[in-house]
Amino acid sequence: MSSRSLVKRFVPYVSARIRENHRMLNYCSSASSSALKEASSSRSESPSLEAVHLSDNCIRRMKELQSSEAEKKLLRLGVETGGCSGFQYVFELDHTTNPDDRVFEKNGVKLVVDNVSYDFVKGATVDYVEELIRSAFVVAENPAAVGGCSCKSSFMVKQ
């Protein structure tokens, strides 16, 4: 079976899951808008669970990459179907943001996540690792994932 046919089989499933997540989020936000207002005014753990975090190693490496170019680069994180666990993380260096992007900033370094991928990575921590066989940006911790491969490039979503 070719990889294209697998993608064609996964796309409807992923699209349905994303629509279901959006419906649940919209229902929860409309049903408990007063509770959300109280939570956001108290500034407890809620903001950190909604953000995508950057580790110190990630910030250090992005600053190294930014110092070599006149225009500051953004780190873009996306989620695609594929990988050995069902979904895979995709990192790119970018110069622009799109209207549907969410931007997270720490110490002058910006991480950009598109709106669809955000549901899969909110609350996650992005790290930069240097190993004998590779150096790469990875998602070190992801509350939306229940498992994944040992290289940390793919994951399974909680049901």
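As shown above, the structure is provided for reference.
Residues numbered from 1 in each chain as written. Predicted model: local features only at pLDDT ≥ 70, side-chain atom pairs only at ≥ 80, totals over all residues. Heavy atoms only, no water.

Q: Now, about the overall build of the protein: what can you tell me, with residues and values included?
A: Per the secondary structure count, the protein includes 5 helices and 9 strands. In sequence order, the secondary structure elements of the protein are arranged as α-α-α-β-α-β-β-β-β-α-β-β-β-β. For the protein, with 159 residues in total, the buried portion stands at 34%. If you take every contact in the protein between residues at least 6 apart in sequence, the share linking residues at least 24 apart comes to 53%. In the structure as shown, the protein presents an accessible area of about 9,900 Å², 53% of it carried by carbon and sulfur atoms. (Helix = DSSP H or I, 4+ residues; strand = E, 2+ residues; numbered from the N terminus. Buried < 20%, exposed > 50% of the residue type's maximum accessible area, 1.4 Å probe, protein only. Contact = heavy atoms within 4.5 Å. Areas by Shrake-Rupley, 256 points an atom, 1.4 Å probe, with all protein chains shown as cover.)

Q: Any chance you could break down the pairing of strand S5 (residues 109-114) for me, citing the residues and the numbers?
A: Of the strand pairs in this sheet, strand S2 (residues 74-81) and S5 are connected by 3 bridges, and their pairing is parallel. Along S5, the bridge assignment pairs Leu77 with Val113. With antiparallel pairing between neighbouring strands as the criterion, strand S4 (residues 101-106) and S5 make up a hairpin whose turn holds 2 residues, including Asn107 at a positive phi of roughly 55 degrees. (Pairing = 2+ DSSP bridges.)

Q: I'd like a rundown of the nonpolar core, residues and numbers included.
A: Val52, Leu77, Leu111, Val113, Val121 and Val126 are the most contacted members of the largest nonpolar core, which has 26 residues in total. The set of elements that each furnish at least two residues to this core consists of helix H4 (56-67), S2, strand S3 (87-94), S5, helix H5 (115-121), strand S6 (125-130) and strand S7 (135-141). By residue number, the principal contributor to this core is H4, which donates 4 residues. (Core = buried A, V, L, I, M, F, W, Y, C linked by side-chain atoms within 4.5 Å.)

Q: If you had to explain the environment of Val138 to someone new, which residues and values would you point to?
A: Assignment of secondary structure puts Val138 in strand S7. On a C-alpha basis, the gap between Val138 and Tyr89 in space is 7.9 Å, while along the polypeptide they are 49 residues apart.

Q: Give a detailed account of the environment of Val112, specifying residues and quantitative values.
A: Tracing the backbone through its elements, the reader meets Val112 in strand S5. It is 8.6 Å that separates the C-alpha atoms of Val112 and Gly78, two residues lying 34 residues apart in sequence.

Q: I'd like a description of the side chain of Lys73, backed by residues and values.
A: Mapped onto the elements of the fold, Lys73 is located in the loop between H4 and S2. We classify Lys73 as buried; its relative accessible area is 13%. Excluding anything up to four places from it in sequence, Lys73 contacts Met62, Gln66, Leu93, Asp94 and His95.

Q: Which residues make up the side chain of Ser55, and what are the values?
A: Within the secondary structure layout, Ser55 lies in the loop between strand S1 (53-54) and H4. Residues in contact with Ser55, not counting those within four places in the same chain, are Thr125, Val126, Asp127 and Tyr128.

Q: Could you give an account of the sheet that holds S1, with specific residues and numbers?
A: If you walk across this open sheet you meet the 3 strands as S1-S6-S7, and the pairing is mixed. Strands at the two margins of the open sheet, each flanked by one partner only, are S1 and S7.

Q: Kindly report on the packing of aromatic side chains, identifying the contributing residues and their values.
A: Within the structure shown, the criterion is met by 4 aromatic pairs. Centre to centre, the rings of Phe87 and Phe120 are 5.1 Å apart; their planes meet at 35 degrees, and the pair counts as tilted. In this pair, Phe87 is assigned in strand S3 and Phe120 in helix H5, connecting sequence segments 33 residues apart. Since its relative accessible area comes to 8%, Phe87 is described here as buried. With relative accessibility at 5%, the residue Phe120 sits in the buried group. For Arg102, the ring lying beneath its charged end belongs to Tyr118, and the centroid distance is 3.9 Å. (Phe/Tyr/Trp six-rings, centres within 6.5 Å; stacked < 30°, edge-to-face > 60°. Lys NZ or Arg CZ within 6 Å of the ring centre and 35° of its normal.)

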